[in-house]
Amino acid sequence: MSFQTDLADLFRRDLTRLTQELELFPGDAYAWKTLPGVKNSAGNLTLHLEGNLRHYIGNHLAGIAYQRDREWEFSTRGMPVSGLLARVEPLKQLIPGILAGLPDAKLEELFPEATWGERRITRLFLIHLYGHLNLHLGQISYLRRILTEGPAAKHVQL
């Protein structure tokens, strides 16, 4: 195993968990609800994760054309859960495939885009992206369970 394949497996697992969370919403409207003190809905967080991964991994590391609209990710309302799933489902193969195919030397290069005011090596930035996915995945999970009084999603194996 390599860093790239290990990271690919983690992204595949957690993108599968994201689809599970979305499938557990009992209706489309729940995906767009928030609670006091919670600014972003599960739907908006899902669109944000999609945009983030397509921009940073798909576009920057694989050269797949993608024009990100971060404002749209957070302003969209009412897309059916089936629409969210249709946007996330392809990522379960795309993102791990890109990561698994990265050459070792690419990991030590500076990531093509500066973030937080500076450029960092790609390996570190990929770890950050994985943490970002999990931060929002956890928010989606808790928000869904609180709004619906539903159970946790089933465990997904690596």
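Everything quoted here is computed from the prediction, not taken from an experiment. (Residues numbered from 1 in each chain as written. Predicted model: local features only at pLDDT ≥ 70, side-chain atom pairs only at ≥ 80, totals over all residues. Heavy atoms only, no water.)

1. Focus: the overall build of the chain
- A tally of helices and strands in the chain yields 7 helices and 0 strands.
- In the chain, the succession of α and β elements from N to C terminus is α-α-α-α-α-α-α.
- Computed over C-alpha atoms, the radius of gyration of the chain comes to 16 Å, within 12% of the 15 Å expected from 2.2 N^0.38 for 158 residues, which places it in the range of a compact globule.
- Taken along the three principal axes of its C-alpha coordinates, the chain extends 45 × 35 × 25 Å.
- Considering the chain as a whole, with its 158 residues, one finds that 44% of them fall into the buried category.
- In the chain, the proportion of contacts linking residues at least 24 apart, taken out of those at least 6 apart, comes to 74%.
- A total accessible area of about 8,000 Å² is found for the chain, and carbon and sulfur atoms account for 54% of it.
- Of the side-chain charges in the chain, 18 are positive and 17 negative, and the distance between the mean point of each set is 3 Å. (Helix = DSSP H or I, 4+ residues; strand = E, 2+ residues; numbered from the N terminus. Rg over C-alpha atoms; globule rule 2.2 N^0.38 Å. Buried < 20%, exposed > 50% of the residue type's maximum accessible area, 1.4 Å probe, protein only. Contact = heavy atoms within 4.5 Å. Areas by Shrake-Rupley, 256 points an atom, 1.4 Å probe, with all protein chains shown as cover. Lys, Arg positive; Asp, Glu negative; His and termini not counted. Charge placed at Lys NZ, Arg CZ, Asp CG, Glu CD.)

2. A short note on the side chain of Gln20
- Considering the arrangement of structural elements, one finds Gln20 in helix α1 (residues 3–23).
- On the basis of relative accessible area, Gln20 is assigned to the buried category, the value being 19%.
- Among all residues touching Gln20, those that are not within four sequence positions of it are Ala153, Lys154 and Val156.

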